[in-house]
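Letter by letter, the chains look like this.
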Amino acid sequence: MTDTRRRVKVYTLNEDRQWDDRGTGHVSSCYVERLKGMSLLVRAESDGSLLLESKINPNTAYQKQQMHPCASCTTVMKCILHPFLCLVQRRLQLFTASTYGDTLIVWSEAENYDLALSFQEKAGCDEIWEKICQVQGKDPSVDITQDLVDESEEERFDDMSSPGLELPSCELSRLEEIAELVASSLPSPLRREKLALALENEGYIKKLLEIFHVCEDLENIEGLHHLYEIIKGIFLLNRTALFEVMFSEECIMDVIGCLEYDPSLSQSRKHREFLTKTAKFKEVIPISDPELKQKIHQTYRVQYIQDMVLPTPSVFEENMLSTLHSFIFFNKVEIVGMLQEDEKFLTDLFAQLTDEATDEEKRQELVNFLKEFCAFSQTLQPQNRDAFFKTLSNMGILPALEVILGMDDAQVRSAATDIFSYLVEYNPSMVREFVMQEAQQNDDDILLINLIIEHMICDTDPELGGAVLLMGLLRTLVDPENMLATANKTEKTEFLGFFYKHCMHVLTAPLLANTTEDKPSKDDFQTAQLLALILELLTFCVEHHTYHIKNYIINKDILRRVLVLMASKHAFLALCALRFKRKIIGLKDEFYNRYIMKSFLFEPVVKAFLNNGSRYNLMNSAIIEMFEFIRVEDIKSLTAHVIENYWKALEDVDYVQTFKGLKLRFEQQRERQDNPKLDSMRSILRNHRYRRDARTLEDEEEMWFNTDEDDMEDGEAVVPPSDKPKNDEDIMDPISKFMERKKLKESEEKEVLLKTNLSGRQSPSFKLSFSSGTKSNLTSQSSASNLPGSPGSPGSPGSPGSPGSVSKSTSQMAAITTKGGLVGLVDYPDDDEEDDEDEDKEETLPLSKKAKLESS
């Protein structure tokens, strides 16, 4: 039977911070001559191949874990391995009830990878743990062999003036000892500090580099591997003073040479060969300052070390290279500052850029240099960046870009576009001021902003990547939100006037050229993408430019041309056209509305809606939403236009109530036009209800109930006087009449609901009853089949047999006003529920009060 006591799984952390399963095997510990020490060996159980060979280093921190990773930590962050163990638990799920979930030993190798051994049985884990503790001289009862973070209280508060760390003599035979010392010092901040001071004071780095030459000459691979570990450890000390020595002109190539001999690689890299033979430094403009030239070389090489030479930091080293990032950052700042101060250099640069005699290859190098120069400026602080772009502006960068953008070389134009984007993002007002000034001297065709529009239109990329970037820049330039306003002038007024006069015709040219007929003349994908970009910018203008874009759209009939694109086979383009119209309707501007109605610009939308059929897609939803907006916002002119011209095409759409709701709105408008008195009565009632003080109402009602019927202001009796004393029948008569009217009203409402066929909606109904032996009922109702005022329509005034028809006593009805003679100044929109409430209140008033309502 196979021994399962030392059966383990081996895991390693890869460069992507993911844990890789290296296989299952059996672990043992023995002395390995090649490694010169006790080592852990894991051989695969399948074929006996070597899965792991790791020397047990005296200073490496090993940790044994049996419970939750946090269980061994008596204090928060007791050891630096704590986050590593939590990663193991989270990513490998080693602490579940699986076979390998009982015990774990984890550690970090110096060769830039982290290891974990998961044991099947606890006895095997204990045996290996005893071997590790024996080598390191530790008690096997501990769960961690090294205290990586917390030094003793005595060491933590040790006086910094005490003797520092003593380094071994810098000799070839002691490289292994030096490497172990560096590796053991990294986990402790205090020991890192002492090691860095020792390296600085003794000039140790230069001595190590001398030994590097000896090892290379002797082809001493073991010594070169130790030097790799030492130099890599010095990087992780994160000290600027050490970087200054390592990155000096005399040392940097040797440092790169040391980092070529990674022990984890079978062959050394050829970084120095690449830097000296492949990478070439080009001076597009001769640099006379030797310090500036040396700084450029240094920055390129350090950037190369960071990106290509140094291995990916492990979980313990992620924050140990912050000073290296800062070193590169401040170098770039210095380079930009030194170039900015060199006026001769910048003058020559812009002179050659704009010189027609400059050959294309040279100009391409100049533009690429200027692009990289602007990219470096992004590292500057805001105040320094202001000075940088001001210097470029004074040197004439915008006129230079205008010349470059007019050239045929696509690569040069692309680089110039990138430079232009830096300028627009930094200060759009500077660009706007330049283009307005040049318009006074140049034709529209060669204006900078028109060149940008032309490049957007002529982008050859099938995906229009460049056009998208340029459209974003144009949008920034025409955005009123970033325009300045001063006491003497308003940038928004001046620039938008300039843009619509000199540039808008260039932007809309492709749109107008492609919409001369009833359908797009070109409907390929690239053209559709371009037109979609143009429509996106025009939609932005509709929202932000008010009268400028309004005049342009109406005068040039832009909306009609845009709606031609509703017939495109590309759904995204048709939706862009619909979005453009929706934005215009959303403004609720009557100038736009009259233009839409005069040109019958709902026709393309309705046609697209009908062609879409019953498909439930974005086009269907977007069109319905537009009509729903018109209904909800009660845009009367558009409602009437749609119903009068397109109702027959839309009346069968019953899966939404939008169009029937529009029809109802339209009929309500017609009703108000045919019966203007209804609006007056509504206005009076609403003013009486909402515009008068509540206490005044109470006082007046009390007066009405207490005042004798004969005691009226004008002395005129509204209700014929009765000499008979009131008996019980007289008292009950109004109640019974009220109940009859209520039943009649309910039957009428049911009839209206059946005719309108609208769920949850009914036509507005207004009833004012006047009774004193004579009933007068004015009722106005509308339905889809009976227009207001038509003969025979239910409840229309004077219709034969209609309930509550006007009797001859109607002549006694006076003009309806409030008691104080107040007339409503504001006519509120219709509200069915409020009107019904008015009816109920009117009908439940006592007879005496109703009589007083009839008086003026």
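Residues numbered from 1 in each chain as written. Predicted model: local features only at pLDDT ≥ 70, side-chain atom pairs only at ≥ 80, totals over all residues. Heavy atoms only, no water.

### Quick look at the packing of helix H19 (residues 448-457) against helix H22 (residues 504-513)
To keep things clear, this is the line we draw: In this analysis, axes come from line fits to C-alpha atoms, helices being fitted only over the stretch in contact, and the angle between any two N-to-C directions falls in the range 0 to 180 degrees. Helical segments are the DSSP runs of H or I of at least four residues, strand segments are the runs of E of at least two, and each set is numbered from the N terminus. Here is the rule for angles: anything less than 35 degrees is roughly parallel, anything more than 145 is roughly antiparallel, 65 through 115 is roughly perpendicular, and the remaining ranges are oblique. Handedness of each helix crossing follows the sense of rotation of the near helix against the far helix: counterclockwise by less than a right angle gives left-handed, clockwise gives right-handed. For this analysis, residues touch if any pair of their heavy atoms sits within 4.5 Å. Just so you know the grouping, Ala, Val, Leu, Ile, Met, Phe, Trp, Tyr, Cys and Pro go in nonpolar, Asp, Glu, Lys and Arg go in charged, and all remaining residues, Gly too, go in polar.
Contact pair H19 / H22: the axes reach a minimum separation of 9 Å and the direction vectors enclose 20°. As the angle between them shows, H19 and H22 are arranged roughly parallel. The way H19 lies across H22 gives a crossing that is right-handed. Side by side, H19 and H22 meet where Asn450, Ile453, Glu454, Met456 and Ile457 of the first sit next to Val506, Leu507 and Pro510 of the second. When its residues are assigned to classes, the contact of H19 with H22 shows six nonpolar, one polar and one charged.

### Points about the nonpolar core
Counted only if it meets this: Throughout this description, the term nonpolar core refers to a set of buried Ala, Val, Leu, Ile, Met, Phe, Trp, Tyr and Cys residues connected via side-chain atoms within 4.5 Å. Burial status follows relative accessibility: with a 1.4 Å probe on protein chains alone, a residue under 20% of its type maximum counts as buried, one over 50% as exposed, and anything between as partly exposed.
The biggest cluster of nonpolar side chains holds 128 residues, and the ones touching the most others in it are Phe495, Phe498, Phe499, Ile553, Phe602 and Phe627. If you tally residues by element for this core, the top one is helix H23 (residues 525-544), at 12 residues. In contact with phenylalanine 498, other than residues within four places in its own chain, are Val435, Met436, Ala439, Leu447, Ile449 and Cys503. Counting residues in hydrophobic clusters, the runner-up holds 49 residues, among them Ile230, Ile252, Cys258 and Ile305.

### A closer look at the pairing of strand E1 (residues 7-13)
For E1, a buried count of seven out of seven residues is recorded, marking the element as mostly surrounded by other parts of the structure. By the alternation rule, side chains of E1 split into Arg7, Lys9, Tyr11 and Leu13 and Val8, Val10 and Thr12, which are all buried.

### Some thoughts on helix H26 (residues 571-586)
Because the α-helix completes a turn every 3.6 residues, residues three or four places apart line up on one side. Which entries qualify depends on this criterion: One less than the number of residues in a helix, times 1.5 Å, gives the span that helix is expected to have.
The end-to-end C-alpha distance of H26 is 22 Å, a good match for the 22 Å that 16 residues give at a rise of 1.5 Å each. Regarding H26, the residues found buried are Leu573, Ala574, Leu575, Cys576, Ala577, Leu578, Phe580, Lys581, Ile584 and Ile585. In the stretch just after H26, lysine 588 is the one whose phi turns positive, near 55°.

### Describing the side chain of threonine 358
Residue placement: threonine 358 occurs in the loop between helix H13 (343-354) and helix H14 (360-377). Once residues within four sequence positions are removed from consideration, threonine 358 is found in contact with Gln352, Arg363 and Leu366.

### Some thoughts on the confidence of the model for the protein
Rules: Note: pLDDT gives the predictor's confidence per residue, expressed from 0 to 100.
Averaged over every residue, the pLDDT of the protein is 76; the share at 70 or more is 70%. The least confident element of the protein is strand E8 (residues 766-771), whose mean pLDDT is 34; the most confident is H26, at 96. Confidence drops under a pLDDT of 50 for residues 148-162, and excluding neighbours within four residues, the segment shows 21 contacts in the predicted structure. When the criterion is pLDDT under 50, residues 707-732 qualifies, and its contacts beyond four places in sequence or with other chains add up to 17 contacts.

### Focus on unusual backbone geometry
Despite not being glycine, threonine 546 shows a phi value in the positive range, around 45°. Considering the arrangement of structural elements, one finds threonine 546 in the loop between H23 and helix H24 (547-556). When its relative accessible area of 43% is taken as the criterion, threonine 546 is described as partly exposed.

### Digging into H23
Here is the rule: Under this definition, polar contacts are N or O atom pairs within 3.5 Å; protein pairs additionally need one hydrogen-donor-capable and one acceptor-capable atom, and for neighbouring residues in sequence, both atoms have to be side-chain atoms.
Spanning 20 residues, H23 covers 29 Å between terminal C-alpha atoms, matching the ideal 28 Å at 1.5 Å per step. Within H23, 15 of the 20 residues are buried, which leaves the element mostly enclosed by the surrounding structure. Two or three places before glutamine 526, at the opening of H23, aspartate 524 has a side-chain oxygen 3.3 Å from that residue's backbone nitrogen. Phi turns positive, to about 45°, at threonine 546, one or two residues after H23.

### What about the side chain of lysine 663?
Formally: Within this scheme the basic residues Lys and Arg register as positive and the acidic residues Asp and Glu register as negative, but His and the chain ends are omitted. The term salt bridge refers to a pairing of a side-chain nitrogen on Lys or Arg with a carboxyl oxygen on Asp or Glu at a separation within 4 Å.
With respect to the helices, strands and loops of the structure, lysine 663 is situated in helix H31 (residues 658-674). Among buried charged residues, lysine 663 stands out as having no salt bridge; its nearest opposite-charge side chain is glutamate 667, 4.1 Å away. When near neighbours in sequence (up to four residues on either side) are disregarded, lysine 663 contacts Ile643 and Trp647.

### Examining the pattern of salt bridges
Pairs can form between side chains of opposite charge whenever their charged atoms are close. What the rule picks out here adds up to 29 salt bridges. Across the salt bridge formed by glutamate 180 and lysine 55, the nearest N and O atoms sit 4.0 Å from each other. Note that glutamate 180 is positioned in helix H4 (residues 175-185) and lysine 55 in strand E4 (residues 50-55), a separation of 125 residues in sequence. With a relative accessible area of 29%, glutamate 180 lands in the partly exposed category. Salt bridges here are not isolated pairs; linked through shared partners, they connect Lys55, Glu176 and Glu180.

### Focus: a nonpolar patch on the surface
Formally: Patches were defined on residues exceeding 30% relative accessible area and lacking a salt bridge, with like-charge contacts within 9 Å and nonpolar side-chain contacts (Val, Leu, Ile, Met, Phe, Trp, Tyr) within 5 Å. All accessible-area figures derive from a Shrake-Rupley calculation using a 1.4 Å probe, and residue coverage is judged against the displayed protein chains alone.
Taken together, Leu172, Val214 and Leu218 make up a surface patch of nonpolar side chains, about 250 Å² in accessible area. Of note, valine 214 is situated in helix H6 (residues 204-218). The class for valine 214 is partly exposed, based on a relative accessible area of 39%.

### Notes on the packing of helix H18 (residues 428-438) against helix H21 (residues 491-502)
Direction vectors running N to C along H18 and H21 enclose 50°, while the axes themselves pass 11 Å from each other. With respect to each other, H18 and H21 are oriented oblique. Crossing of H18 over H21 shows left-handed handedness. Here H18 contributes Ser429, Arg432, Val435 and Met436 to the contact with H21, which in turn contributes Glu491, Glu494, Phe495 and Phe498. Of the residues that constitute the contact of H18 with H21, the class distribution is four nonpolar, one polar and three charged.

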